[in-house]
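The chain contents come next:
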Amino acid sequence: MAKSALITGITGQDGYHLANLLNEKGYDVYGLIRGQQNPKRDRVIKEQPFVKLIEGDLTDQGSLIRAMQIAKPEEVYNLGAISHVGHSFKSPQLTADVTGKGVLNILEAIRAVGGEKTIRFYQASTSEMFGGLDYNRPGVGYDENSLFHPRSPYGVAKLYGHWITKNYRESYGIHASCGILFNHEGDRRGVEFVTRKITNAVARIKLGKQTHVELGNLDSKRDWGYAGDYVEGMWRMLQQDKPDDYVLATGETHTIREFCELAFAEIGIKLEWQGEDVNEVGIDAATDKTVLKINPDFFRPAEVDILLGNPAKAEEVLGWKRKVDFPGLVKLMVETDLALEGEVI
Ligand code: NAP
Ligand code: GDD
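This is a predicted model, so every value here is computed, not measured.

## A short note on the overall build of the protein
Then, in step 1: For the protein, the count of helices and strands is eleven helices and 15 strands.
Then, in step 2: Seen through its principal axes, the protein has C-alpha atoms that stretch 65 × 45 × 40 Å.
Then, in step 3: Looking at the protein residue by residue over its 345 residues, the buried ones come to 54%.
Then, in step 4: In the protein, of all internal contacts separated by at least 6 residues, the share reaching a separation of at least 24 is 74%.
Then, in step 5: Element-wise, carbon and sulfur atoms account for 49% of the exposed surface of the protein, whose accessible area totals about 15,300 Å².
Then, in step 6: Of the charged side chains in the protein, 41 are positive and 49 negative; the average position of the first set lies 4 Å away from that of the second.

## Points about the packing of aromatic side chains
Then, in step 1: Under the defined criterion, the tally for this structure stands at nine aromatic pairs.
Then, in step 2: Considering the side-chain rings of Tyr 77 and Tyr 122, the 6.1 Å spacing of their centres and the 40° angle between planes classify their relative orientation as tilted. Pair noted here: Tyr 77 is in strand 4 (residues 75-78) and Tyr 122 is in strand 5 (residues 120-126), with a separation of 45 residues, a long-range link.
Then, in step 3: Taking relative accessible area as the criterion, Tyr 77 reaches 0% and is therefore assigned buried.
Then, in step 4: Here the aromatic residues Phe 130, Tyr 142, Phe 148 and Phe 182 are joined through ring pairs into a cluster of three or more.
Then, in step 5: Against the face of Tyr 16 rests Arg 188, its NZ or CZ located 3.8 Å from the ring centre.
Then, in step 6: For the cation-ring pair, Arg 257 lies above Trp 273, with the distance from its terminal atom to the ring centre recorded as 4.8 Å.

## A few points about the nonpolar core
Then, in step 1: With 28 residues, the main nonpolar core has Ile 7, Leu 18, Leu 22, Tyr 77, Leu 79, Tyr 122 and Met 234 as its most contacted residues.
Then, in step 2: In terms of residues, this core owes the most to one element, helix 8 (residues 227-238), which gives six residues.
Then, in step 3: Other than its neighbours up to four places away in sequence, Leu 22 contacts Ala 5, Ile 7, Tyr 27, Val 29, Tyr 77 and Trp 235.
Then, in step 4: One finds Trp 224, Ala 263, Val 291 and Leu 292 within the second-largest nonpolar core, a separate group that totals 26 residues.

## Topic: the pairing of strand 2 (residues 28-33)
Then, in step 1: Of all six residues in strand 2, five are buried, a share of seventy percent or more.
Then, in step 2: One ladder, built from five bridges, connects strand 1 (residues 4-8) with strand 2; its direction is parallel. Each bridged residue has a counterpart across the sheet, and for Ala 5 the counterpart in strand 2 is Val 29.
Then, in step 3: Between the parallel pair strand 1 and strand 2, the chain is carried across by helix 1 (residues 13-24), and the sense of this crossover is right-handed.
Then, in step 4: Judged from the four bridges that link them, strand 2 and strand 3 (residues 52-55) form a sheet pairing that is parallel. When the sheet's bridge partners are listed, Tyr 30 is paired in strand 3 with Lys 52.
Then, in step 5: Handedness of the strand 2-helix 2 (residues 41-47)-strand 3 crossover: right-handed.

## Quick notes on the environment of Arg 322
Then, in step 1: Of note, Arg 322 is situated in the loop between helix 10 (312-318) and helix 11 (326-343).
Then, in step 2: Along the chain, Arg 322 and Asp 229 lie 93 residues apart, while their C-alpha atoms are 5.6 Å from each other.
Then, in step 3: Contacts of Arg 322, omitting those with residues within four sequence positions, involve Asp 229, Thr 250 and Glu 252.
Then, in step 4: Within the structure, Arg 322 has its side chain in polar contact with the side chain of Glu 252 (distance 3.2 Å).

## Overview of the layout of surface pockets
Then, in step 1: In this structure, the second largest pocket occupies an estimated 190 Å³ of space.
Then, in step 2: The wall of the second largest pocket is formed by 13 residues, among which Leu 21, Gly 228, Asp 229, Glu 232 and Lys 323 lie closest to the centre.

## Quick word on the pairing of strand 1
Then, in step 1: In terms of burial, strand 1 is a largely internal element, five of the five residues being buried.
Then, in step 2: Here four bridges tie strand 1 to strand 4, and the two strands are oriented parallel to one another. Counterpart to Ile 7 in the pairing with strand 4 is Tyr 77.

## Some thoughts on the site of ligand 1
Then, in step 1: Near ligand 1 there are 26 residues, and of these Thr 11, Arg 34, Ser 83, Tyr 154 and Lys 158 occur at the shortest range.
Then, in step 2: Taking Gly 9, its main chain carries an N or O atom lying 3.4 Å from an oxygen atom of ligand 1.
Then, in step 3: Computed on the free molecule, ligand 1 has an accessible area of 900 Å², of which 91% lies beneath the protein chains in the complex.
Then, in step 4: For the shell around ligand 1, the secondary-structure elements that each account for two or more residues are helix 1, strand 5 and helix 6 (153-172).
Then, in step 5: The element that contributes the greatest number of residues to the shell around ligand 1 is strand 5, accounting for three residues.
Then, in step 6: Class assignment for the residues of the shell around ligand 1 results in nine nonpolar, eleven polar and six charged.

Thresholds applied
- Residues numbered from 1 in each chain as written.
- Chains lettered and ligands numbered in written order.
- Predicted model: local features only at pLDDT ≥ 70, side-chain atom pairs only at ≥ 80, totals over all residues.
- Heavy atoms only, no water.
- Helix = DSSP H or I, 4+ residues; strand = E, 2+ residues; numbered from the N terminus.
- Buried < 20%, exposed > 50% of the residue type's maximum accessible area, 1.4 Å probe, protein only.
- Contact = heavy atoms within 4.5 Å.
- Areas by Shrake-Rupley, 256 points an atom, 1.4 Å probe, with all protein chains shown as cover.
- Lys, Arg positive; Asp, Glu negative; His and termini not counted.
- Charge placed at Lys NZ, Arg CZ, Asp CG, Glu CD.
- Phe/Tyr/Trp six-rings, centres within 6.5 Å; stacked < 30°, edge-to-face > 60°.
- Lys NZ or Arg CZ within 6 Å of the ring centre and 35° of its normal.
- Core = buried A, V, L, I, M, F, W, Y, C linked by side-chain atoms within 4.5 Å.
- Pairing = 2+ DSSP bridges.
- Right-handed = clockwise from strand over helix to strand, strands pointing away.
- Polar contact = N/O pair within 3.5 Å; in protein donor to acceptor, adjacent residues only side chain to side chain.
- 1 Å grid on protein atoms, 1.4 Å probe; cavity = no way out; pocket = protein on both sides within 12 Å on 5 of 7 lines; lining within 4 Å.
- Points joined across faces, edges and corners; volume = space filled by probe spheres on them.
- Near = heavy atom within 4 Å.
- Nonpolar A, V, L, I, M, F, W, Y, C, P; charged D, E, K, R; others polar.

Now the structure itself:
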């Protein structure tokens, strides 16, 4: 009999990759989809017709219990969230309800259907919980034992989700694991996140559809991997005899500035930086045209300056390792955006 898995956040980046992975492995894949007329529904139906969609919302516990009754899952992957850090400052209460309390709602739904011993649970925890402030081990990076100091309503909500998952594991014996994932990107990343915003703009600049891109803080550093690699790690966590928490990361960190330089280089533009602070611009060295400007609207009330992860535990216990490296990731994303933008000229 095929195993059944329920994914929340099926319309998101990771939901897309995870659904493909589980389908390849022969699972019956169910996806929770929110809203009366979610515009992303048609895309899932078209691209992933094997996904059985169930209507529901992480803030609506009845809908989560119903989803458990329909899918009868052996594995639940809780990927649904208000996931944009900048947006969480603008909608902090909604973020607490969905990204934080939503985790409690789905754990309670597991209990409501008596699934404590039969359902394995994955919680999408995040490197945002570390916050970057106690980064004091250069070159080593955050691991599962590092201190948390979230710097956004999103990070705080995720920390609640992280601890309530651990608490339900300890209290009720649920096979519940938290993946503390560092940033992962790719051709399915939303354009509201900085990497996709850059690669999409680079493609449009190349095709003459846009003159420049406007960004916020160029100096924060992120440990960026490829989403397709990371969903493999999620699945591996739920295949272990015992539940546990794992960091998934690359062990490398790069600035937004470096990402921009590599992305523009993919279309043959050598970026030169001129000016300072909000007046800094990125110039095409060959033409002197401004292709990048700073817009303070994209600054955050509090910033996570540096994220660097140490994936040693996941590599040793899960046998997981990222495959796509940083230049490979930038290249993959620019190529995808050139193809997509070229198609719709
Ligand atoms: P994403 O693309 O932003 O997807 C978020 C998903 O959550 C969407 O499918 C969205 O569905 C759904 N959602 C939002 N509100 C909901 C609600 N009230 N009820 C049910 N579903 C709701 O995020 P992602 O990059 O795939 O990330 C997946 C998970 O991993 C998230 O929890 C994120 O916080 C976490 N994470 C991501 C990263 C990363 O670098 N990508 C790193 C660490 C942790 P709609 O179609 O309804 O909007
Ligand atoms: N989004 C965005 N847009 N970020 C910008 C911009 C811009 O125009 N300009 C500069 N940045 C900076 C942000 O200030 C931040 O320091 C960095 O780029 C990365 O921002 P995002 O791509 O929005 O990602 P994030 O690191 O804040 O959060 C992502 O990774 C987390 C894991 O560490 C999200 O996927 C979270 O859901 C995830 O938990």
